[in-house]
Amino acid sequence: MHSAFTIIELMFVIVVLGILSAIALPKFSETKNLADISKGRSDVMSLRSSIITARQSQLIKGNSNFIPKLSDNGTTLFTGDGNQSLLLYGVTAGVTDGHWSATDNSYKNYAFHVHGVSIPFVYNSATGKFTCNANKDGTTAQKYCYQMTK
């Protein structure tokens, strides 16, 4: 007598694997989304800390101004204005999920991209604040904005 799987047993296993994969794939997608948000939150906190550190360096030199802009080019962001440094290595710009992009040439407006949504951030050189600039209207960008800055 041969011991082997029957067609019905194999079909049952395939159906069970199909159901498991239908449940698991959306969970993996959401995990990637949450990881991108976590990366963005970490970047925001690092930037804010770097802005304060740059200001303290300027205060020691007798200059009470905040850094005028956060970047000096559109390919590597948040390295500083060319005179003052912020992040040592900066952040590579991009428009895909989990990346930052500069939205103007003054390098004060940025967007973080997650799940196909661009979350706007603005740097105020008068106050040194780097804040999310999404409308408070319940949009997806505003929800992500809250998750990144809470």
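On a predicted model such as this, the values are computed, not experimentally measured, just so you know. (Residues numbered from 1 in each chain as written. Predicted model: local features only at pLDDT ≥ 70, side-chain atom pairs only at ≥ 80, totals over all residues. Heavy atoms only, no water.)

Novice: Even after reading the chapter, I still don't get the overall build of the protein, so can you show me in this structure?
Specialist: Looking only at helices and strands, one finds two helices and six strands in the protein. Listed N to C, the secondary structure of the protein is α-β-β-β-β-β-β-α in terms of helices and strands. Its C-alpha radius of gyration of 23 Å places the protein more than 25% over the 15 Å reference for a compact globule of 150 residues. Overall size of the protein, expressed as C-alpha extent along the three principal axes, is 90 × 35 × 25 Å. Residues counted as buried form 31% of the 150 residues belonging to the protein. Looking at the protein alone, contacts between residues at least 24 apart form 41% of all its contacts between residues at least 6 apart. (Helix = DSSP H or I, 4+ residues; strand = E, 2+ residues; numbered from the N terminus. Rg over C-alpha atoms; globule rule 2.2 N^0.38 Å. Buried < 20%, exposed > 50% of the residue type's maximum accessible area, 1.4 Å probe, protein only. Contact = heavy atoms within 4.5 Å.)

Novice: Explain the nonpolar core here, please?
Specialist: For soluble globular proteins, nonpolar side chains are generally found buried alongside one another. Leu70, Phe78, Trp100, Ile119, Phe121 and Phe130 are the most contacted members of the largest nonpolar core, which has 29 residues in total. At five residues, helix H1 (residues 7–60) tops the list of elements feeding residues into this core. (Core = buried A, V, L, I, M, F, W, Y, C linked by side-chain atoms within 4.5 Å.)

Novice: What is the right way to look at the sheet that holds strand S4 (residues 109–114) in this model?
Specialist: The pairing of strands in a sheet happens through backbone hydrogen bonds and is either parallel or antiparallel. Pairing within the open sheet is antiparallel, and its four strands lie in the order S3-S4-S5-S6. Every interior strand has two partners, whereas the edge strands, strand S3 (99–102) and strand S6 (129–132), have only one. The average undirected angle you get between the axes of adjacent strands in this sheet is 25°. In the sheet, S3 pairs with S4 via four bridges, with the strands oriented antiparallel. Residue pairing across strands places His99 opposite His113, the latter belonging to S4. Along the sheet face, H1 touches S3, S4, strand S5 (117–124) and S6 and points at about 155° away from the line of S4. (Pairing = 2+ DSSP bridges. Axes fitted to C-alpha atoms, helices over the stretch in contact; angles between N-to-C directions.)

Novice: Would you explain the packing of aromatic side chains in this entry?
Specialist: How two aromatic rings sit relative to each other is set out by the distance from centre to centre and by the angle between their planes. Under the defined criterion, the tally for this structure stands at eight aromatic pairs. Here Phe78 and Tyr110 contribute two aromatic rings whose centre-to-centre distance is 4.7 Å and whose plane-to-plane angle is 50°, an arrangement assigned as tilted. Of this pair, Phe78 sits in the loop between strand S1 (76–77) and strand S2 (91–92) while Tyr110 sits in strand S4; the two residues are 32 residues apart in sequence, bridging distant segments of the chain. Like Phe78, the residue Tyr110 is buried in the burial classification. Every member of this aromatic cluster is reached through a ring pair, and the members are Phe78, Trp100, Tyr110, Phe112, Phe121 and Phe130. Lying across the ring of Phe66, Arg55 places its NZ or CZ 4.2 Å from the centre. (Phe/Tyr/Trp six-rings, centres within 6.5 Å; stacked < 30°, edge-to-face > 60°. Lys NZ or Arg CZ within 6 Å of the ring centre and 35° of its normal.)

Novice: Looking at this structure, I do not really get the pairing of S5. What am I missing?
Specialist: Where a strand is regular, its side chains alternate between the two sheet faces. Burial of S5 is one-sided: the residues Val117, Ile119, Phe121 and Tyr123 facing one way are buried, the residues Ser118, Pro120, Val122 and Asn124 facing the other way are not. As paired elements, S4 and S5 share six bridges and run antiparallel to each other. When the bridges of S5 are listed, Tyr110 appears paired with Phe121. Between S4 and S5, which pair antiparallel in sequence order, lie two residues; one of them, His115, sits at a positive phi of approximately 55°. Pairing between S5 and S6: four bridges, direction antiparallel. Across the sheet, the residue bridging to Val122 is Thr131, located in S6.

Novice: How should the side chain of Ser50 be read in this particular structure?
Specialist: Position of Ser50 among the secondary structure elements: in helix H1. Looking at Ser50, the relative accessible area reads 14%, which means it is buried. The contacts of Ser50, once residues within four sequence positions are left out, are Leu86 and Leu87.

Just geometry here; none of it tells us what the structure is for.
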